[in-house]
Amino acid sequence: MDYKALAQLLFPDVTATAEELESRFPKRNLPEGACVTRIGPSPTGFVHLGNLYNAIIAERIAHQSNGVFYLRIEDTDNKREVDGAVETLINAMNYFGVQFDEGAVADGDNGNYGPYRQRQRKEIYHVFAKQLVERELAYPCFLTAEEIDAIREQQTANKENPGIYGKYAQKSRSLTLDEIKDNIAQGKEWVLRYAGTETDEYINVEDAIRGKLSMPRNNMDFVLLKSDGIPTYHFAHVVDDHLMRSTHVIRGEEWISSLPMHYELFSTFGWETPIYCHTATLMKIEGTGKRKLSKRKDPELALSYYQQEGISPDAIWEFLLTLLNSNFEEWRIANPEKSYLEFPYTLEKMNISGALVDLNKLRDISKDVIGAMPAQKIFDSWLDWCKQYNEQFASLIEQYPERTLAALNVGRTAKKPRKDIETWKQACDFMSFYYDETFKVFDEMPQECDEETVKTFFTKYLASYNHEDDSNAWFEKVRAITEEMGFALRPKDYKNNPEQYKGSIVHTTNMLRIALTGHANAPDIWEVSHVLGEDIVRGRIVKYC
Ligand code: GLU
């Protein structure tokens with residue numbers, strides 16, 4: 001058969017050559033050792049935690065080496081595509097502080113190695129597809145879905161590997177040029193298949209995370225182009241990562257089984273294979289075992305969950321870094337003041353046995369991260385979040401900026417600063433008592449204090465209250481009322497002789513906390529009172545008198 005003629009028949013519009021593409025996208029001019037990495041998400045509208053997990057690895061590898069990190073949109077599967085998905089993805093990455101140097105942006109491309117959306121690269125793939133046909137390494141296949149089903153049934157019955165290869169490829173491979181022309185003239189659909197070789201060989205690929213992967217060499221006539229001329233992931237990955245000059249391919253471990261196809265294509269084209277880094281699947285604990293996070297069952301698989309909950313991007317980074325590198329936590333303890341971006345991230349310290357997503361751990365990290373933030377940063381980030389997710393709170397913060405900032409500072413100067421805020425969503429609950437508009441009393445007065453006692457206590461408190469008192473003077477007055485009303489000044493005394501007292505100072509101060517904040521467990525009463533201001537304090541107390 002005349003393969004040049006076949007190539008021309010299949011790809012009449014291709015005029016560019018592989019050489020032209022090589023020079024249009026030259027090797028990048030980067031310092032020795034600089035890595036070029038990317039993420040290649042599919043725009044399905046669902047951005048998952050794994051996208052961010054891989055993005056953080058790729059970003060770190062690139063930026064720690066003064067390399068380039070880019071975004072490629074892998075939209076070859078139009079059945080899965082959803083309107084606005086690219087924007088959703090870019091916004092989510094942006095929210096979590098992932099900075100791309102180049103790649104797809106909301107309204108186009110930024111960079112010289114594009115287009116960065118695979119559907120816009122059809123002509124580029126066709127140049128290489130045509131070349132493979134000319135080299136007798138690819139051919140059109142007209143098998144119908146029914147024929148393929150029948151082959152699969154036969155293979156299942158014979159306990160053979162499924163797929164088109166060897167004798168199962170014979171029918172398509174032996175078509176003559178005229179038969180192919182006829183089929184095309186009749187409008188029959190075709191896909192372009194790679195012409196695999198039957199082999200018992202093994203290939204060895206060095207994975208930067210997993211070490212040597214030894215796998216049977218590809219023998220499949222796998223699909224390169226689908227019937228609409230759009231490439232499969234396999235073909236697009238190889239062409240793109242070559243032309244965009246990626247040095248490392250960071251992707252989920254679900255791709256390991258397709259590696260022989262990718263390796264085959266890189267060798268066929270004579271291109272250098274990138275360094276593969278197959279990352280562990282995200283898991284969660286269930287009962288006594290672990291299982292894969294599931295889109296259906298686990299809201300925490302969606303990145304939007306963390307946005308809606310208002311998890312700070314810094315907390316997510318710290319959390320994912322603890323999952324990614326086994327020595328991160330140790331480093332964090334030794335370097336409490338440093339930014340996580342200073343952590344020397346390495347692929348060698350990656351965990352391969354499944355990364356455990358434990359939301360309790362995330363909450364703990366989150367409290368520490370927010371606990372260590374300056375109040376102004378909390379103010380700004382929380383307000384940004386509220387503008388999108390809680391408008392009522394956004395306007396309260398904007399209406400009372402000074403009070404809010406002062407409130408965020410309460411308890412933060414102590415030796416062991418309070419860590420009351422976990423997420424921006426929970427901050428709206430926690431902070432609600434600082435505004436009359438949202439203040440609610442949640443806890444009941446202590447059982448030691450009946451209605452009469454509550455009334456007498458607050459009447460005395462209000463009579464002696466002087467907003468100018470410093471915290472010592474204020475506390476002396478509370479102690480005096482406590483004693484006068486028959487409550488023990490030392491909780492121990494009440495415990496040892498309960499019949500001699502009504503209760504202890506724990507109960508009188510709890511009454512104050514509940515009246516002023518709605519909760520028995522709250523920050524320092526004197527500090528809170530000074531954030532609220534005299535009018536609000538008196539207003540909340542007088543209700544009990
Ligand atoms: N489009 C692939 C996915 O969403 C990306 C895999 C890769 O990064 O190569 O899983």
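Owing to the predicted nature of the structure, the values given are computational and were not obtained by experimental measurement. (Residues numbered from 1 in each chain as written. Predicted model: local features only at pLDDT ≥ 70, side-chain atom pairs only at ≥ 80, totals over all residues. Heavy atoms only, no water.)

The next point concerns the packing of helix 5 (residues 122-134) against helix 10 (residues 259-269). Across the interface, helix 5 lies against helix 10 with an axial gap of 12 Å and an inter-helix angle of 75°. Judged by the inter-axis angle, helix 5 sits roughly perpendicular to helix 10. Every residue of helix 10 that contacts helix 5 at F128, Q131 and L132 is listed here: L265, T268 and F269. Counted by class, the contact of helix 5 with helix 10 contains 4 nonpolar, 2 polar and no charged residues. (Axes fitted to C-alpha atoms, helices over the stretch in contact; angles between N-to-C directions. Helix = DSSP H or I, 4+ residues; strand = E, 2+ residues; numbered from the N terminus. Parallel < 35°, antiparallel > 145°, perpendicular 65-115°, else oblique. Contact = heavy atoms within 4.5 Å. Nonpolar A, V, L, I, M, F, W, Y, C, P; charged D, E, K, R; others polar.)

For the rest of this paragraph, the subject is the packing of helix 15 (residues 375-389) against helix 16 (residues 391-399). At a minimum axis distance of 6 Å, the contact between helix 15 and helix 16 shows a crossing angle of 140°. In this view, helix 15 runs oblique relative to helix 16, as classed from their interaxial angle. Helix 16 is crossed by helix 15, and the crossing has left-handed handedness. The segment helix 15 lies against helix 16, with F379, W382, L383, C386, K387 and Y389 engaging E391, F393, A394, I397 and E398. (Left-handed = near helix turned anticlockwise from the far one by under 90°.)

Around the ligand, the surrounding shell consists of R38, G40, S42, E74, Y233, I250, R251 and W255. Between a nitrogen atom of the ligand and a side-chain N or O atom of S42, the distance comes to 3.4 Å. Contacts to the ligand include Y233, whose side-chain N or O atom sits 2.4 Å from an oxygen atom. In isolation the ligand offers 300 Å² of accessible surface; the protein chains occlude 82% of this area. A breakdown of the residues in the shell around the ligand according to their chemical character gives 3 nonpolar, 2 polar and 3 charged. (Near = heavy atom within 4 Å. Polar contact = N/O pair within 3.5 Å; in protein donor to acceptor, adjacent residues only side chain to side chain. Areas by Shrake-Rupley, 256 points an atom, 1.4 Å probe, with all protein chains shown as cover.)

Applying the stated rule across the entire model yields 28 aromatic pairs. Between Y125 and F235, the ring centres sit 6.4 Å apart and the planes meet at 50°, which makes this aromatic pair tilted. With Y125 in helix 5 and F235 in helix 9 (residues 233-243), this residue pair connects regions lying 110 residues apart in the sequence. Across this residue pair, the class does not change: Y125 and F235 are buried. Cluster of aromatic residues (ring-pair linked, three or more members): F457, F458, Y461, Y465 and Y544. The ring of F46 has K295 sitting right over it, with the charged end atom 4.5 Å from the ring centre. The ring of F439 is capped by R540, whose NZ or CZ atom sits 3.7 Å from the centre of that ring. (Phe/Tyr/Trp six-rings, centres within 6.5 Å; stacked < 30°, edge-to-face > 60°. Buried < 20%, exposed > 50% of the residue type's maximum accessible area, 1.4 Å probe, protein only. Lys NZ or Arg CZ within 6 Å of the ring centre and 35° of its normal.)

A word on the pairing of strand 13 (residues 289-292). When strand 12 (residues 282-286) meets strand 13, the two strands line up antiparallel, connected through 4 bridges. The residue bridging E286 from the neighbouring strand is G289, located in strand 13. Linking two consecutive strands that pair antiparallel, namely strand 12 and strand 13, is a turn of 2 residues; a positive phi of about 60° is found at G287 within it. (Pairing = 2+ DSSP bridges.)

For strand 11 (residues 275-279), a buried count of 4 out of 5 residues is recorded, marking the element as mostly surrounded by other parts of the structure. Tracing the backbone out of strand 10 (residues 248-252), into helix 10 and back to the parallel element strand 11 gives a crossover that is right-handed. (Right-handed = clockwise from strand over helix to strand, strands pointing away.)

Attention now goes to the pattern of salt bridges. Under the criterion given, the structure shown has 35 salt bridges. Residue E300 pairs with K284 through a salt bridge whose shortest N-O separation is 2.8 Å. A residue pair is termed long-range when its members are at least 10 positions apart, and E300 in the loop between strand 13 and helix 11 (303-309) and K284 in strand 12 qualify at 16 residues. Take E300 and K284: they sit in the same class, and that class is buried. Residue E422 is joined to R363 by a salt bridge in which the shortest nitrogen-to-oxygen separation is 3.6 Å. Note that E422 is positioned in the loop between helix 17 (401-409) and helix 18 (424-430) and R363 in helix 14 (residues 359-371), a separation of 59 residues in sequence. Classification of R363 as partly exposed rests on a relative accessible area of 30%. Ionic contacts of the salt-bridge type, sharing partners, join the residues R38, R72, E74, R121, D240 and D241 into one network. (Salt bridge = Lys/Arg side-chain N within 4 Å of Asp/Glu carboxyl O.)

Looking now at the side chain of R332. Locating R332 in the fold gives a position in helix 13 (residues 328-334). Polar side-chain contacts of R332 include one of 2.7 Å to the backbone oxygen of N335. Among the polar contacts listed, one links the side chain of R332 to the backbone oxygen of K338, at a separation of 2.9 Å. Those residues in contact with R332 that lie beyond four places of it in its chain are E318, K338, S339 and Y340.

Restricting attention to buried positions, one finds in helix 16 the residues F393, A394, L396 and I397. One side of helix 16 carries all its buried residues, which in axial view fall inside an arc of 160°. For helix 16, the elements touching its buried residues are helix 15, helix 17 and helix 18. (Arc of directions from axis to C-beta.)

Moving on: the sheet that holds strand 3 (residues 102-105). In any sheet, the strands associate via hydrogen bonds between backbone groups, in a parallel or an antiparallel arrangement. Pairing is mixed in the open sheet, where 4 strands are placed in the order 1-2-3-4. Taken across any chain shown, the strands that pair with only one partner, and hence form the sheet edges, are strand 1 (36-39) and strand 4 (108-110). In this sheet, adjacent strand axes meet at a mean angle of 20° when their direction is disregarded. The sheet strands contacting helix 3 (residues 49-64) are strand 1 and strand 2 (68-71), and the helix crosses strand 1 at an angle near 165°.

This next bit is on the side chain of T44. Along the chain, T44 turns up in the loop between strand 1 and helix 3. For T44, a relative accessible area of 19% translates into the label buried. A distance of 3.2 Å separates a polar side-chain atom of T44 from the backbone nitrogen of F46.

Turning our attention to the environment of D200. With respect to the helices and strands, D200 occurs in the loop between strand 6 (191-194) and strand 7 (202-207). A relative accessible area of 74% means that D200 is categorised as exposed. Between the alpha carbons of D200 and I352 there is a distance of 28 Å; along the sequence they are 152 residues apart.

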